[in-house]
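Letter by letter, the chains look like this.
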Amino acid sequence: MTYLTGDTHGDFRRYSEFNDRTKPGEEDVMIVLGDAGLNYFGDERDAMRKAFVNYFPFTTFCLHGNHEMRPWDVPGMQMKQYRGGDVWYEPAFPRIVYAKDGEVYDFDGYQCIVIGGAYSVDKYTRLARGWRWFENEQPSEAIKQEVENKLDSLGRRVDVILSHTCPLKYEPIETFLGGIDQRSVDTSTEAWLDTIEESVDYRKWYCGHFHTSKKTHRLQFMFMDIDVMSIGTGENSCISNLQSNKEEHS
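A. Structural detail: unusual backbone geometry. Phi angles above zero are rare outside glycine, and His-211 is one such case at about 55°. If you check the backbone angles, His-217 has positive phi at about 60° while not being a glycine.

The following block contains the structure:
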């Protein structure tokens, strides 16, 4: 079975409750919709988090977010085939894989295309405080072209779109952080996703990034909740909807 959750930012306490409640097996998958927080520091702190995640029997499938290194920038990463597409992985943590933007993966018989990345609204705060910020956080023009080419090869039809951020038209403005001039926010990725949303015949879209859980049209925002992949548009069949006291930042 395929499960999904939103940004974890290195906090995987929800995994323990999920594992105890659901008893997933080796064939099951947990999709983290970006900002997993496993490739943030680039040192032993990442390794400790990965060891914890790798302990669980299911595979963790990570999209690229905006608070982490690109997999190809992580020393020791290798590539393999997984569910019909290329993924990065580390031999020391075989149950964690990192999606490649523009690849199509087979989850429960659904064709799922991956589109990671987003702009960090906290970019200048992080730089001012000496925290890590990653220049290639957003999809490059080359990545965008790979996504477009893949969609063209599919006749602009796909079952599920998995992304970190969302199309601009669906941005949940109620989640915007106070004190940030929205005119300074780079929404080029979201604007591009608008064109994807308008030109692709899709059945369901999942995304994270905004630290909220809600449904809008065929799009489902996820954060602390864990859900079963479904292309239906009915009410959530939520496995859990955990609350967190940690500072929220998209």
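Picking up after the structure, the text goes on.
B. Just helix H2 (residues 44-55), in detail. Counted at 1.5 Å a residue, the expected span for H2 with its 12 residues is 16 Å, and the 17 Å between its end C-alpha atoms agrees. Of the positions making up H2, those classed as buried are Asp-46, Lys-50, Val-53 and Asn-54. The arc that holds every buried residue of H2, seen down its axis, measures 95°, which confines them to one face. For H2, exposure combined with an orientation more than 90 degrees from the buried face picks out Glu-44, Met-48 and Tyr-55.

C. Spatial organisation of the pattern of salt bridges. Within the structure shown, the criterion is met by 14 salt bridges. A salt bridge links Asp-101 to Arg-70; the nearest nitrogen and oxygen atoms lie 3.1 Å apart. Taken together, the residues Asp-101 in the loop between strand S6 (93-99) and strand S7 (104-107) and Arg-70 in the loop between strand S3 (59-62) and strand S4 (78-82) connect sequence positions 31 residues apart. Notably, a salt bridge pairs Glu-198 with Lys-169, separated by 3.2 Å at the nearest N-O pair. With Glu-198 in helix H5 (residues 188-199) and Lys-169 in the loop between strand S9 (160-163) and H5, the pair connects residues that are 29 residues apart, well separated along the chain. In the salt-bridge network here, residues are joined through shared partners; they are Glu-148, Asp-152 and Arg-156.

D. Structural detail: the environment of Leu-151. Summarising the element assignment, Leu-151 is placed in helix H4 (residues 141-153). Discounting chain neighbours no more than four positions away, the residues touching Leu-151 are Ile-113, Arg-156, Ile-196 and Val-200.

E. Structural view of the packing of aromatic side chains. A full pass over the atoms with the stated rule returns 17 aromatic pairs. A centroid spacing of 5.3 Å and a plane angle of 80° characterise the contact between Phe-52 and Phe-56, whose relative ring orientation is edge-to-face. Exposure remark for Phe-52: the relative accessible area of 37% places this residue in the partly exposed category. When the centroid spacing of 6.3 Å and the interplanar angle of 35° are considered together, the rings of Tyr-105 and Phe-107 count as tilted. We classify Tyr-105 as buried; its relative accessible area is 1%.

F. Broad picture of helix H1 (residues 13-22). Along H1, the positions that sit buried rather than exposed are Arg-14, Tyr-15, Phe-18 and Asn-19. All buried residues of H1 fall inside an arc of 130° around its axis, so they share one side. Within H1, the exposed residues directed more than 90 degrees away from the buried face are Arg-13 and Asp-20.

Conventions adopted
- Residues numbered from 1 in each chain as written.
- Predicted model: local features only at pLDDT ≥ 70, side-chain atom pairs only at ≥ 80, totals over all residues.
- Heavy atoms only, no water.
- Helix = DSSP H or I, 4+ residues; strand = E, 2+ residues; numbered from the N terminus.
- Expected span 1.5 Å × (residues − 1).
- Buried < 20%, exposed > 50% of the residue type's maximum accessible area, 1.4 Å probe, protein only.
- Arc of directions from axis to C-beta.
- Salt bridge = Lys/Arg side-chain N within 4 Å of Asp/Glu carboxyl O.
- Contact = heavy atoms within 4.5 Å.
- Phe/Tyr/Trp six-rings, centres within 6.5 Å; stacked < 30°, edge-to-face > 60°.

Scope: geometric values only; no functional claims are made or implied.
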